[in-house]
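Fold and contact review
Residue-level listing of the chains:
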Amino acid sequence: MLFNTLGFATFGLGVRAFQLGLQKRPVASGPVAYLLSAAGFGAFGYLADGWEHSQREMIAEKQGLLRQRREERNAAAATA
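Residues numbered from 1 in each chain as written. Predicted model: local features only at pLDDT ≥ 70, side-chain atom pairs only at ≥ 80, totals over all residues. Heavy atoms only, no water.

Let us look at helix H1 (residues 2-22). Along its 21 residues, H1 runs 30 Å from first to last C-alpha, staying within 8% of the 30 Å computed at 1.5 Å per residue. Restricting attention to buried positions, one finds in H1 the residues Ala9, Gly12, Arg16 and Leu20. Buried residues of H1, viewed axially, fall in a sector of 65 degrees; they line one side. Exposed and facing more than 90 degrees away from the buried side of H1 are Phe3, Thr10, Phe11, Phe18 and Leu22. Just downstream of H1, lysine 24 is the residue with a positive phi angle, here 55 degrees. (Helix = DSSP H or I, 4+ residues; strand = E, 2+ residues; numbered from the N terminus. Expected span 1.5 Å × (residues − 1). Buried < 20%, exposed > 50% of the residue type's maximum accessible area, 1.4 Å probe, protein only. Arc of directions from axis to C-beta.)

As structure tokens, then:
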């Protein structure tokens, strides 16, 4: 989770620097905007990590259900 959040926050810093570069403004201007950009992208990284975690749980649950059904089907085929 920490690496996702920090990675997205770092990306946010880069986006802000790129934005100022496109506007041909000094890259060091507006340090508060860098903090806001990093916080916004970091929050998105935190949410993305939560989504990834819930998706992994759902996949594991579905895999368990499929294994159970396969075992039941194989047991029924063996007795028949």
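Tracing the backbone shows aspartate 49 in helix H2 (residues 31-79). The charged side chain of aspartate 49 is buried without a salt bridge, its nearest counter-charge being arginine 56 at 7.4 Å. In this structure aspartate 49 touches Met1 and Asn4, once residues within four positions along its chain are discounted. (Lys, Arg positive; Asp, Glu negative; His and termini not counted. Salt bridge = Lys/Arg side-chain N within 4 Å of Asp/Glu carboxyl O. Contact = heavy atoms within 4.5 Å.)

On to the packing of aromatic side chains. Within a pair of aromatic rings, the relevant descriptors are the distance that separates the centres and the angle that separates the planes. Taken as a whole and assessed by the stated rule, the structure comprises 3 aromatic pairs. With a centroid separation of 5.4 Å and an interplanar angle of 70 degrees, the aromatic rings of phenylalanine 8 and phenylalanine 44 are classed as edge-to-face. Placement of phenylalanine 8 in helix H1 and of phenylalanine 44 in helix H2 is noted, with a sequence separation of 36 residues between them. What makes phenylalanine 44 partly exposed here is its relative accessible area of 42%. Here phenylalanine 11 and phenylalanine 41 contribute two aromatic rings whose centre-to-centre distance is 5.6 Å and whose plane-to-plane angle is 75 degrees, an arrangement assigned as edge-to-face. Taken as a pair, phenylalanine 11 in helix H1 and phenylalanine 41 in helix H2 lie far apart in primary sequence, 30 residues in all. Among the aromatic residues, those joined into a ring-pair cluster are Phe8, Phe44 and Trp51. (Phe/Tyr/Trp six-rings, centres within 6.5 Å; stacked < 30°, edge-to-face > 60°.)

What follows deals with the packing of H1 against H2. As a packed pair, H1 and H2 sit with axes 7 Å apart at the nearest point and diverge in direction by 145 degrees. The crossing of H1 and H2 is right-handed. Along its contact with H1, which presents Asn4, Thr5, Phe8, Ala9, Phe11, Gly12, Leu13, Val15, Arg16, Ala17 and Leu20, the element H2 presents Ala33, Tyr34, Ser37, Ala38, Phe41, Gly42, Phe44, Gly45, Tyr46, Asp49 and Glu52. (Axes fitted to C-alpha atoms, helices over the stretch in contact; angles between N-to-C directions. Left-handed = near helix turned anticlockwise from the far one by under 90°.)

Here we come to the pattern of salt bridges. A side chain with one charge may pair with a side chain of the opposite charge, provided their charged atoms come close. Throughout the structure, instances matching the rule amount to 1 salt bridge. In this structure, arginine 56 and glutamate 52 form a salt bridge, with 2.7 Å as the shortest nitrogen-oxygen distance. You can see arginine 56 and its partner glutamate 52 sitting in helix H2, 4 residues apart, about one turn around the helix. Take glutamate 52: its relative accessible area is 34%, and that puts it in the partly exposed class.

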